[in-house]
Amino acid sequence: MLINTERLTIRNLVSSDINDFHHYRSNPEVTKYQGFDVFSLEQAKAFIEENARKEFGTPGEWVQFAIENKTTGRLIGDCAIKLDQYDIRLAEIGITISPGEQKKGFAKETMLGILEYLFSRDDFHRVTEIVDAENEASIQLLKSLGFRPEGHFIENIFFKGKWGSEYQFAMLRKDWQQLKDREVNNNH
């Protein structure tokens with residue numbers, strides 16, 4: 001899979017991404033709201049090697065992709081897509097952006113690129129994202145893109161030594177089309 005946006009390339013992870021990948025994946029602030037903890041260099045290498053072999057499209061399998069800044073050629077984050085195990089017209093997504101690259105619109109640009117890619121697939125119907133209830137930046141991003149809050153799960157996950165709560169957001173094909181139509185109308 002390869003997605004190009006104005007400033008970013010979303011592509012498979014490769015071994016040369018290791019230093020940038022490990023830099024932010026070893027940061028406790030980055031992993032604070034994630035389902036994973038800080039990565040050692042060895043864990044980061046193994047993760048990249050495992051994901052480099054994966055191809056998008058296997059139902060039920062998370063595939064992690066690199067988010068590369070076209071200007072610098074450097075890895076600034078990663079994103080994951082998982083097609084539903086039982087219905088490939090449904091997918092779940094997630095994004096991680098390096099702290100030094102946050103608040104620059106890269107997460108939104110990545111999301112728009114992924115949404116465009118998924119909804120351009122024949123019969124693709126729905127995208128969900130599950131986010132930690134304390135992750136205000138991600139919640140605001142999803143709302144700004146027109147994702148609908150669908151569920152609030154109270155203390156549904158035990159990780160990092162405590163019970164956490166999560167929200168589920170979703171976007172349907174028709175929601176995406178409305179977003180695209182508004183964009184077209186606003187540009188005229």
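Now for a description of the structure that goes with this document. (Residues numbered from 1 in each chain as written. Predicted model: local features only at pLDDT ≥ 70, side-chain atom pairs only at ≥ 80, totals over all residues. Heavy atoms only, no water.)

1. What about the pairing of strand β5 (residues 90–97)?
- Taken across its 8 residues, β5 has 7 buried, putting it largely inside the fold.
- As defined by bridge partners, β5 adjoins strand β6 (residues 126–132) across 3 bridges and the pair is classed as parallel. From the neighbouring strand, A91 faces β6, where its bridge partner is V127.
- Once you follow β5 into helix α4 (residues 106–119) and on to β6, the crossover reads as right-handed. (Buried < 20%, exposed > 50% of the residue type's maximum accessible area, 1.4 Å probe, protein only. Helix = DSSP H or I, 4+ residues; strand = E, 2+ residues; numbered from the N terminus. Pairing = 2+ DSSP bridges. Right-handed = clockwise from strand over helix to strand, strands pointing away.)

2. Focus: helix α5 (residues 136–144)
- Of all the residues in α5, the buried ones are I139, L141 and L142. Relative to the axis of α5, the buried residues are bounded by an arc of 160° and lie together on one face.
- Tucked inside the fold, the buried residues of α5 contact α4, β6 and β8 (162–172).
- Directly beyond the C-terminal end of α5, a positive phi value near 95° is found at G146. (Arc of directions from axis to C-beta. Contact = heavy atoms within 4.5 Å.)

3. Some points on the nonpolar core
- By size, the foremost hydrophobic cluster in this structure holds 33 residues, and its most contacted members are I81, I93, M111, I114, L118, V127 and F147.
- Excluding residues that lie within four positions of it along the chain, L118 makes contacts with F56, I81, A91, I93, F124 and V127. (Core = buried A, V, L, I, M, F, W, Y, C linked by side-chain atoms within 4.5 Å.)

4. A look at the environment of G73
- Mapped onto the elements, G73 comes out in the loop between β3 (62–69) and β4 (75–83).
- Residue class for G73 comes out partly exposed when judged on its relative accessible area of 41%.
- In the structure, G73 is positioned 99 residues away from L172 in sequence and 33 Å away in space, judged by C-alpha atoms.

5. Considerations on the sheet that holds β8
- Spatially, 8 strands are ordered β1-β2-β3-β4-β5-β6-β8-β7 in an open sheet, and the strand pairing comes out mixed. Of all strands in the sheet, those bounded by a partner on one side alone are β1 (3–4) and β7 (148–159).
- Strand direction decides the pairing type here: β3 and β4, joined by 7 bridges, are antiparallel. Within the sheet, the bridge partner assigned to V63 lies in β4 and is I81.
- Together, β2 (8–12) and β3 form the strand contacts of helix α3 (residues 41–52), whose direction differs from that of β3 by roughly 105°. (Axes fitted to C-alpha atoms, helices over the stretch in contact; angles between N-to-C directions.)

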